[in-house]
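Inside the fold
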Amino acid sequence: MSTHSSNNPQANHDEHLHAEPTTFISKYLISYDHKVIAKQFLFYGIFWAFIGAFLSVLIRWCLAFPGEPFPVLGNLLFPSSNGIIPPDVYTMLFTMHGTIMIFFAITPILIGAFGNFCIPLMIGARDMIFPWLNMLSFWLAMVGGVLMMASFFVPLGASAVGWTSYPTLAHSQWSPGMGHTLWLISLFFMGNSSLVGAINYITTVIRLRAPGMTFKRLPLTIWGLFLTAILNALFLPVLTAAFILLLLDRTLGTSFFLSAAISDVGTQGDPILYQHLFWIFGHPEVYIVILPAWGIVSDLLSFFSRKPAFGAMKTAYSMTAITILSAVVYGHHMFTTGMSPLLTGAFTTLTLLISIPSGIFFLNWLGTIWKGKIQLHTPMLFSLGVIITFGIGGLTGLHLGAVSTNLILHNSYFVVGHFHLTMAVAALLGAFAATYFWFPKMFGRMMSEKLGKIHFWFTLVPILYIFIGQMVAGYAGMHRRIYNPYEYNYLKPLLGLNIYIGIAVFTVFFAQFLFLYNFIKSMRCGEIADSNPWKVGTLEWTTPTPIPHHNFDTIPVVYNGPHEFSNPKVTGRDWLSQTEFVEGVSNT
Amino acid sequence: MNTKRICRLFLLFAIVTCTISSGWAQTQEQLHQSNPDFEKDHIHAKGIWPSPKSFVDTYSGPDVISSDGAHFDWLFGYVTIGTFIYFMIMIIGVVYFTFAYREKRGAKALYTDGHKEHKVTLFFDVLFFLSLDLVLIYFSIVDTQKYFMAPPQGKEVIQVQVMPQQWLWNFRYAGNDEQFGTADDIVTVNEMWIPKGKTVSLQIKSKDVIHGFMVPEVRRQMDALPGTITRMWFEPIKTGDFEIACMHLCGTAHYKMKGFMKVVELEDFEAWSKEMSEWSEARYDPEDAATHWGWNWVM
Amino acid sequence: MQSTLKTPFSHKAENGKLSNAELFFLVSLASWVMLFGTLILSFILARIKTPLWPPPYIESFPLLVPSFSTLAIGLSSVFVTKGFSAYKLNKQSDFKFYWLLAIVTGLLFGTLQTIALTKWMTFDVREHVYSSSVAFLILFHGVHFILGLSGLLFKFFNPSNIQSLRLWSWFWHFLGVVWLAIFMAIAL
């Protein structure tokens, strides 16, 4: 019989304890420790992010200098065409860029790395509730990564159907070869990796919160990660189902998504069904990617303004409202498929309703820095960058949510600019903010502030130019996924703009090496960080640095909210740890 | 190497790269401009800061040629200007707060927990919703009823069947007998003739993968799906030659899948239609299955 | 800095009735529901869109044998419940008896499914989305069914932990419900 439901409050926290590993392999490779898994995910994500970024450089080279050989590496990569990127390779480039950036870079960094690192530490737990599943999550991601990497080298090349993988182009008749099959299998593994992680996160947040850590006292980072995990657990299976059906179509010759009009046998499949399934997952995926960044930014703005997060609970509730709304708005991705007019009206209304909760937490961010004592450290700069980029991205979402303007802009570069600003740039800047912020706790050393600030300016300014430029190009008529836009007369005037966007992309790409240098160098010889370098009160900063294997000797008891800054009742300093009991401020 | 040196080197590198590539960009543009095929009647973007007029001409999209396109342009302009105003408010807020309340100025942070200062945020949120979202919702519903709901019927409507395939556009007209599927159907490839001032109704179905039909000047697009007929209609009000773009990724040569839309005067169109229809009837070959695609006009 | 555990506090999660593993199972159940829900929904949508369902040249799936298998898996669920309550009352022999019955009825379900499928699949099921969906749904359910059955078998020989016993019985009920949904989607 189970001994679980005892009255011992430590039971939950002790249940998942595991012995401290001693050998190299058990410590760094097959570790159960959430901190090690977080680092594994971080390195994994950074590795893939650089590959994805390099692919984007190749893409922009095509658009900026059509027909020119790619400098330096061109002859090595494309020997058969004298260094010029051929059109079929171009299709693979943007497909893999999208896939890698979403599933292999942003998701592992924000959810895999910072989810794993922050959740147990910030809620006051010794580890994730199921450490074994946590390890499984990373190794499933590893298998997915290996398969995706392998798909570059199979005959006929990698997948070339766009990251949305719409049938019927995704069927083997129109995209033959192993590339896309491997792509599907790889994403199947990635999906299950995220799913396992998400289930683990949900259970951990519900079960392992330290005594006194109510949902009201939960840092907003955890709110973001928790909501993301819920979306992941509910909607990844939808994608998995769609991928299974597509995989059967490709390998066994069924025809779930193959229409009667075009296949040899009298099947009655429907390619639109795939689009429905994909976007039922796909729209929540946008929020899966951005919610952790929102949470992190909401916290960091408060930490570095030295004042409580403005309307913290309202922020949390708006994020929850968006999470719920995100499940029912996917139709605006499919307005051009000849949807029923009734549905378009409903989806337009629902989509635009999202702006109410978004507006609330957005203005709360402004409220947080209002009358603060703003310390412009690198994480703060990146958080302010998220406000700006997500501001533009979110506002331009209005154009795409309404059916009238959507029919002009759908599939154009306006869409590309919009979704990059919201789910790519904002999420990535959030990830940078998180990296600069938690680096001292992760590795025990500070990252260089100076390099970080240069990295920030060389990232933010060109990146705004790139994506605002893309939106301008989109309204001028440039559509997505074309190898050479200048085939069209009305797109010829855009060459100048594309060249400058290209240059901005190259600048951003090289600026990321600055980050890489800073990251690797600071890991070995950065300034030694004390246990609470930013002077904030959340639970992870109460642990010594480096963090002991089981995080907390005794499970801390929480008395305060995460943002108790500049409280007039606290004398001597402007912050208060969540575990400190101060008469008149804290309550049990 | 110390950090300082890395910073300096990187700055130097960035400046040099930007200078060289800007120069390169300029020469590239000049090369393209000197190319006679390139510059026919298009204004070219003059680099990063073009004059306001050339900027507007280049980036406001091609001129509208459909009767209702101006409305969508107006709506786009309204939302763009509206969002721009809110964006400016936000940017001014972020920049002003960041500089006014930074640590160096020594002010003490305000402890806002428990304060009731949410009225401002609520005000802006409601204002935003009323001024932009509500307008968009209203127009989406009205536009749907007005423009997207019921395909036009009647004798006056020019009916065209469109069947894209990898990587070209097939068009089919009913011909003189106004019946689809007969010997005098006009079949064209990559060239769609339509008259000015008449409503054109398209029925679109793809032969293989998903394509997307769009003429940017019309300000409307519709997907071409295998197995399902989609509809699109508009009324051209200007004559000229326009390009049909494929909006959906449809394979390697997606970027080359370009058709032409020729908007001509009504009498020219009728003459063309009559001549083509007779020509087709004279050369009708029942064995030629590839030409006899098409479907009965679906109401 | 850190208070000792003697400090009084309220901590709701630990007073809850679900164990960690049960909570984990419920969350994953939500995912499973979404997975099977998507597949069944796709089947229903395809059906709504198609005028002739099933088309005349496709043999429609026989419903007689699957009705018996539905009965079998329903019975099996009942036996699992019986067995579990016997286990809770510490009646080992009753538990073994009911659990064995559940496994036998489960096996019966598997056999009936196999018979129905093999008798029906005499043609190329890929010819139409109807036949391929039906075959896929049954086989996909079958894979999970094998997992569930091996879990029951394992618990039969090794019933030491009540918690995992409960989880396996939940999983078994879930499989029954999923099969009922599939059967209704096919039959209606």
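Residues numbered from 1 in each chain as written. Chains lettered and ligands numbered in written order. Predicted model: local features only at pLDDT ≥ 70, side-chain atom pairs only at ≥ 80, totals over all residues.

**A few points about the overall build of chain C**
Convention followed: Working definition: helices are DSSP H or I runs of at least four residues, strands are E runs of at least two. Numbering for both runs from the N terminus. Exposure is read from a count of other C-beta atoms within 10 Å of each residue's own; the residue is exposed at 12 or fewer, buried at 20 or more and partly exposed in between. C-beta atoms are placed from the backbone.
Summing up its helical and strand segments, chain C has six helices and zero strands in all. In chain C, the order of α-helices and β-strands from amino to carboxyl end is α-α-α-α-α-α. Each principal axis of the C-alpha atoms in chain C carries an extent, and together these give about 75 × 45 × 20 Å. Looking at the 188 residues of chain C, the share that counts as buried comes to 35%.

**Things to note about the overall build of chain B**
Heads up, the condition is: Throughout, a pair of residues is in contact if the C-beta atoms placed from their backbones lie within 7 Å.
Assigned secondary structure in chain B consists of five helices and 10 strands. Taken across its 299 residues, chain B has 33% of its residues classed as buried. Of all intrachain contacts in chain B linking residues separated by at least 6 positions in sequence, the fraction that spans at least 24 positions is 67%.

**Topic: the arrangement of the chains**
No other pair of the two pairs of chains in contact has as many contacts as chains A and B. These two, chain B and chain C, are apart from each other, with no contact and a minimum C-alpha gap of 11 Å.

**Thoughts on the nonpolar core**
Residues and elements named next belong to chain A. The condition that has to hold: The term nonpolar core refers to a set of buried Ala, Val, Leu, Ile, Met, Phe, Trp, Tyr and Cys residues connected through C-beta atoms within 7 Å.
In this structure, Ala-427 and Ala-433 are the most contacted members of the largest nonpolar core, which totals 317 residues. Element by element, the count of residues in this core is highest for helix H5 (residues 87–123), at 24 residues. Non-local contacts of Ala-433, meaning those with residues more than four positions away in its chain, are made with Ile-296, Val-297, Leu-300, Pro-379, Phe-382, Ser-383 and Val-386.

**Section: the sheet that holds strand S3 (residues 186–189) of chain B**
Residue and element names in this part refer to chain B. Condition: Strands pair, by our definition, only if DSSP identifies at least two bridges between them. Working convention: axes come from line fits to C-alpha atoms, limited for helices to the stretch in contact. Angles between N-to-C directions cover 0 to 180 degrees.
Read across the sheet, five strands follow the order S3-S2-S1-S5-S8 without closing on themselves; strand pairing throughout is mixed. Two strands lie at the open edges of the sheet, namely S3 and strand S8 (230–234), each paired on one side alone. Mean inter-strand twist for the sheet, computed between neighbouring axes without regard to direction, equals 25°. In the sheet, strand S5 (residues 200–204) pairs with S8 via five bridges, with the strands oriented antiparallel. What sits directly across from Leu-202, in S8, is Met-232. Contacting strand S2 (168–173) and S3, helix H5 (residues 266–282) crosses the sheet at an angle of about 100° to S3.

**Things to note about the pairing of strand S6 (residues 211–215) of chain B**
All names here are of chain B. Here S6 lies mainly inside the structure; five of its five residues are buried. Burial along S6 is two-sided: the face carrying His-211, Phe-213 and Val-215 and the face carrying Gly-212 and Met-214 are both buried. By the bridge criterion, five bridges tie S6 to strand S7 (residues 220–224) in an arrangement that is antiparallel. Bridging across to S7, Val-215 finds its partner in Arg-220. Hairpin connection, S6 to S7: the antiparallel pair is bridged by four residues, and Arg-219 has positive phi, about 65°. With two bridges connecting them, S6 and strand S9 (residues 240–246) associate as antiparallel partners. Paired with Phe-213 across the bridge in S9 is Cys-246.

**Regarding the sheet that holds S6 of chain B**
All names here are of chain B. Ordered in space as S4-S10-S9-S6-S7, the five strands form an open sheet in which the pairing is mixed. The open sheet has two free edges, formed respectively by strand S4 (191–195) and S7, since each of these has just one partner strand. Across the sheet, the mean angle separating the axes of adjacent strands is 25° when strand polarity is ignored. Most of the contacts of H5 go to S4, to which it runs at about 130°, and overall it touches S4 and strand S10 (258–264).

**Regarding the interface of chain B and chain A**
Of the residues lining the interface, 94 residues belong to chain B; the matching set on chain A comes to 101 residues. In terms of residue count, helix H4 (residues 119–148) of chain B provides more of the side of chain B that touches chain A than any other element does, 15 residues in total.

**Quick look at the environment of Met-313 of chain A**
All names here are of chain A. For Met-313, the position within the fold is in helix H10 (residues 312–326). The class of Met-313 is partly exposed, set by 14 C-beta atoms lying within 10 Å. When the C-alpha atoms of Met-313 and Met-96 are compared, they prove to be 39 Å apart, with 217 residues separating the residues in sequence.

**Considering the confidence of the model for chain C**
Residues and elements named next belong to chain C. Selection criterion: Per residue, pLDDT captures the predictor's confidence, and it can take any value from 0 to 100.
A residue-level look at chain C finds 91% of positions with pLDDT of 70 or above and a mean pLDDT of 86. Note that pLDDT drops below 50 for residues 1–15; the model gives that stretch 25 contacts with residues more than four away or on any other chain. Predicted as a complex, the structure gets a pTM of 0.91 and an ipTM equal to 0.89.

**As for unusual backbone geometry**
Residues and elements named next belong to chain A. Of the consecutive residues Thr-545 and Pro-546, the connecting peptide bond is found in the cis state with omega at -5°. Tracing the chain through its elements places Pro-546 in the segment after helix H17 (495–525). Unusually for a residue other than glycine, Asn-82 sits at a positive phi of about 55°. Here Arg-306, not a glycine, exhibits a phi torsion of approximately 55°, which is positive. Within the element layout of this structure, Arg-306 appears in the loop between helix H9 (271–305) and H10.

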